[in-house]
Amino acid sequence: MSLTRRQLSVAAASAAVPLAFAATGTAQAAPGRRTRTLYIAGDSTAAQKYTNNAPETGWGMALPFFLKGWNVANHAQNGRSSKSFVDEGRLKAILSVIRPGDLLVCQFGHNDEKSEDPTRYTEPWSTYQDYLRMYLDGARSRGARPVLATSVERRRFDASGKALPTHGEYPAAMRALAQEERVPLLDIQALSIALWQRLGVEETKKYFNWTATEQDNTHFNPPGAIAVARLVARELLRTRVLGPSDVRRLDETIPESWITWPQAAA
């Protein structure tokens, strides 16, 4: 069931604001010039992780390594969908601080797919697009630029070693919305599944959170987060959301030691 624009506005206005969010990454601006901020709204694949989660790493933690002259404010949270992020007041919190010239990059889909959970589930061609429009309209109303990013792919292969898509109609629905609304699209789903295919069944284990006690085919370790953040930065450049002077190290090796996991706030 689709939501009307009025219903969406009411939902955004009534959502409660959470107490705190993770924000990572800083860069130096030229004297007298405000440093712009790239906000990330998304799920656990992008989110900030803490010492108790290591070596799990969200790609948003690595994105600052590829940007120049931009802050990165990572508001992505584990387990959130486009709907629950709004309902918990997380979009409202971003919109309360975002400023003209800033960017809002939105990556949702992993948890929108969970039809057994009405607090998170959205239908790809109706409510998913409706909720995403709230992010687009909210950013635009504040002079910021919205950017859509299709969900990064999970690690899944068939018996012949072919990388399989896992997000159903959600990437297609986001692509269609981006075209309709004329907003930049970072097609991370297509790029990541192509990367997993090139790497293959065994090599991809080095990019996901595979440990002695856990075989996680959704979340990344430092190499995986760095690889996906590189895809995001390259797409920001390709789509001309950012210019050549805004990015760096796109073809350089990023040491895993640059990733750190802070203590979670009490």
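Every value quoted in this text rests on a predicted model; they were computed, and no experiment measured them.

(A) Highlighting the overall build of the protein. Assigned secondary structure in the protein consists of eight helices and seven strands. Evaluated residue by residue, the protein yields a buried proportion of 56% over its 266 residues. Nonlocal contacts in the protein, meaning residues at least 24 apart in sequence, comprise 78% of its contacts between residues at least 6 apart. Accessible area of the protein: about 12,000 Å², with a carbon and sulfur share of 51%.

(B) Fine view of the pairing of strand β7 (residues 215-220). Both strand β6 (residues 208-210) and β7 contribute to a ladder of two bridges, which runs antiparallel. Across the sheet, Trp-210 pairs through a bridge with Gln-215, a residue of β7.

(C) A look at the confidence of the model for the protein. Mean pLDDT over the protein stands at 91; residues scoring 70 or higher make up 87%. Scored below 50 in pLDDT, residues 4-31 makes 59 contacts in the model with residues more than four places away or belonging to other chains.

(D) Here's a closer look at the packing of helix α7 (residues 188-203) against helix α8 (residues 222-238). Packing of α7 against α8 brings their axes to within 10 Å, and their N-to-C directions diverge by 135°. Considering their axes alone, α7 and α8 lie oblique with respect to each other. For the pair α7 and α8, the sense of crossing is right-handed. Mapping the contact onto sequence places Ile-188, Leu-191, Ser-192, Leu-195 and Trp-196 in α7 and Ala-227, Val-228, Leu-231, Val-232 and Glu-235 in α8. The residue makeup of the contact of α7 with α8, split by class, is eight nonpolar, one polar and one charged.

(E) Quick look at helix α6 (residues 170-181). Over its 12 residues, α6 runs 16 Å from end to end, which matches the ideal 16 Å to within 8%, given 1.5 Å per residue. Buried within α6 we find Tyr-170, Pro-171, Ala-173, Met-174, Leu-177, Ala-178 and Glu-181. For α6, the buried positions fall inside an angular range of 160° around the axis, keeping them on one side. Away from its buried face by more than 90 degrees, α6 exposes Gln-179 and Glu-180. At the exit of α6 stands Arg-182, carrying a positive phi of roughly 55°.

(F) Main features of the nonpolar core. One finds Leu-38, Leu-63 and Trp-196 to be the most contacted residues of the largest nonpolar core, which totals 44 residues. Contributions of two or more residues to this core are made by β1 (36-42), α2 (59-62), β2 (70-74), β3 (103-107), β4 (145-149), α7 and α8. With nine residues, α8 is the single largest residue contributor to this core. When residues no more than four places from it in sequence are discounted, the contact partners of Leu-63 are Leu-38, Ile-40, Ala-229, Val-232 and Ala-233. Phe-85, Leu-95, Leu-136 and Ala-144 belong to the second-largest nonpolar core, a separate cluster that totals 28 residues.

Scoring rules and cut-offs
Residues numbered from 1 in each chain as written. Predicted model: local features only at pLDDT ≥ 70, side-chain atom pairs only at ≥ 80, totals over all residues. Heavy atoms only, no water. Helix = DSSP H or I, 4+ residues; strand = E, 2+ residues; numbered from the N terminus. Buried < 20%, exposed > 50% of the residue type's maximum accessible area, 1.4 Å probe, protein only. Contact = heavy atoms within 4.5 Å. Areas by Shrake-Rupley, 256 points an atom, 1.4 Å probe, with all protein chains shown as cover. Pairing = 2+ DSSP bridges. pLDDT = per-residue confidence, 0-100. Axes fitted to C-alpha atoms, helices over the stretch in contact; angles between N-to-C directions. Parallel < 35°, antiparallel > 145°, perpendicular 65-115°, else oblique. Left-handed = near helix turned anticlockwise from the far one by under 90°. Nonpolar A, V, L, I, M, F, W, Y, C, P; charged D, E, K, R; others polar. Expected span 1.5 Å × (residues − 1). Arc of directions from axis to C-beta. Core = buried A, V, L, I, M, F, W, Y, C linked by side-chain atoms within 4.5 Å.

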